[in-house]
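Descriptive analysis of the structure
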Amino acid sequence: MDVPDISQYSNKQFRRLGDRIRANPGAIADDDLLMLQSLRLSYKQPLGVIYNSIEKSARRVDKESICTYRVKRIESIISKLLRFPEMQVNRAEDIAGCRCIMSSTEKVYELFNKLMRNQDKLPYTIKGVIHDYIAEPKESGYRSIHINAVLKDGDNRRVEIQFLKVEFQPHGKFRDLVIPRADSAFSWHSLTPYSGKM
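Attention in this report is confined to the structure presented alongside it. (Residues numbered from 1 in each chain as written. Predicted model: local features only at pLDDT ≥ 70, side-chain atom pairs only at ≥ 80, totals over all residues. Heavy atoms only, no water.)

1. A look at the packing of helix α3 (residues 44-61) against helix α5 (residues 105-117)
- Put simply, α3 and α5 touch, their axes get as near as 10 Å, and they point 130° apart. Between α3 and α5, the crossing angle belongs to the class labelled oblique. By crossing handedness, the relation of α3 to α5 is classed as right-handed. Residues I54, S57, A58, R60 and V61 of α3 form the contact with α5, whose participating residues are K107, E110, L111, K114 and L115.
- Its residues assigned to classes, the contact of α3 with α5 comprises five nonpolar, one polar and four charged. (Axes fitted to C-alpha atoms, helices over the stretch in contact; angles between N-to-C directions. Helix = DSSP H or I, 4+ residues; strand = E, 2+ residues; numbered from the N terminus. Parallel < 35°, antiparallel > 145°, perpendicular 65-115°, else oblique. Left-handed = near helix turned anticlockwise from the far one by under 90°. Contact = heavy atoms within 4.5 Å. Nonpolar A, V, L, I, M, F, W, Y, C, P; charged D, E, K, R; others polar.)

2. As for a positive patch on the surface
- A grouping of K12, R15, R16 and R91 is seen on the molecular surface, where their side chains present a positively charged patch.
- Tracing the backbone through its elements, the reader meets K12 in helix α1 (residues 11-23).
- We classify K12 as partly exposed; its relative accessible area is 45%. (Patch = residues over 30% accessible without salt bridge, like charges linked within 9 Å, V, L, I, M, F, W, Y side chains within 5 Å. Areas by Shrake-Rupley, 256 points an atom, 1.4 Å probe, with all protein chains shown as cover. Salt bridge = Lys/Arg side-chain N within 4 Å of Asp/Glu carboxyl O. Lys, Arg positive; Asp, Glu negative; His and termini not counted. Charge placed at Lys NZ, Arg CZ, Asp CG, Glu CD. Buried < 20%, exposed > 50% of the residue type's maximum accessible area, 1.4 Å probe, protein only.)

3. Thoughts on the pattern of salt bridges
- All chains considered together, the criterion is met by eight salt bridges.
- R59 is the salt-bridge partner of E55, the closest N and O atoms lying 3.1 Å from each other. One end of the pair, E55, and the other, R59, are both in helix α3, four residues apart, so they sit about a helical turn from each other.
- For the salt bridge of K107 with E110, the shortest nitrogen-to-oxygen distance reads 3.7 Å.

4. Overview of the side chain of S144
- In this fold, S144 is placed in the loop between β3 (124-132) and β4 (145-151).
- In this structure the side chain of S144 is engaged in a polar contact, spanning 3.3 Å, whose partner is the side chain of Y142.
- When near neighbours in sequence (up to four residues on either side) are disregarded, S144 contacts H131, D132, Y133, I134, Q162, F163 and L164. (Polar contact = N/O pair within 3.5 Å; in protein donor to acceptor, adjacent residues only side chain to side chain.)

5. Points about helix α2 (residues 30-41)
- In this model α2 runs 16 Å from its N-terminal to its C-terminal C-alpha over twelve residues, within 8% of the 16 Å that 1.5 Å per residue would give.
- With nine of its twelve residues buried, α2 lies for the most part within the structure.
- Residues of α2 that are buried: D32, L33, L34, M35, L36, Q37, S38, L39 and R40.
- In this structure, the buried side of α2 is in contact with α1, α3, β1 (66-71) and α4 (74-83). (Expected span 1.5 Å × (residues − 1).)

6. Points about the nonpolar core
- One finds Y124 and F163 to be the most contacted residues of the largest nonpolar core, which totals 47 residues.
- Considering each element in turn, this core owes the most residues, six residues, to α3. (Core = buried A, V, L, I, M, F, W, Y, C linked by side-chain atoms within 4.5 Å.)

7. Some points on the pairing of β4
- The buried count for β4 comes to seven of seven residues, which makes it a mostly enclosed element.
- Taken together, the five bridges between β4 and strand β5 (residues 159-165) define a ladder with antiparallel strand orientation. Residue pairing for β5: A149 is matched across the bridge by V159. (Pairing = 2+ DSSP bridges.)

Encoded structure:
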């Protein structure tokens, strides 16, 4: 089944999509699932550009770094819609994400500070609130820095970037992540495609 291009949908249609899913999450129509998949696929270009850039930056700072990327699964998007009743799905800030796992906390901050200083040289801009969960850890003990990035070419889709020390890699998070080979760049085909009704 062909997935429609996201340009076919308006903000109003995405608001209505969220309303329909919240009203009946156990019986989501195929057309609504295709709409969610269209949203996921729309992150191909921004995620690819941001991942390739952040992976190169991380390697320059720490040769032991591991960078991963993922797009939220449809089930995860639905779950978030149910948890946040005011959220409009196409404006969520973590549909797509990258994670940089560094060998030490010092390397985490070195990479983060380097990116903040050199934004004029990057293909993306850091937007919104910066969450430093290393300075102020979550109750669970999770420690990371979270930022949101958007491309400078006018694409306003936000990609979440997380920086953390290897020992703080949480189990169960980024379950649909992709860990590329050390010599490989972003590869969209490795992300799980939509294959029909859940």
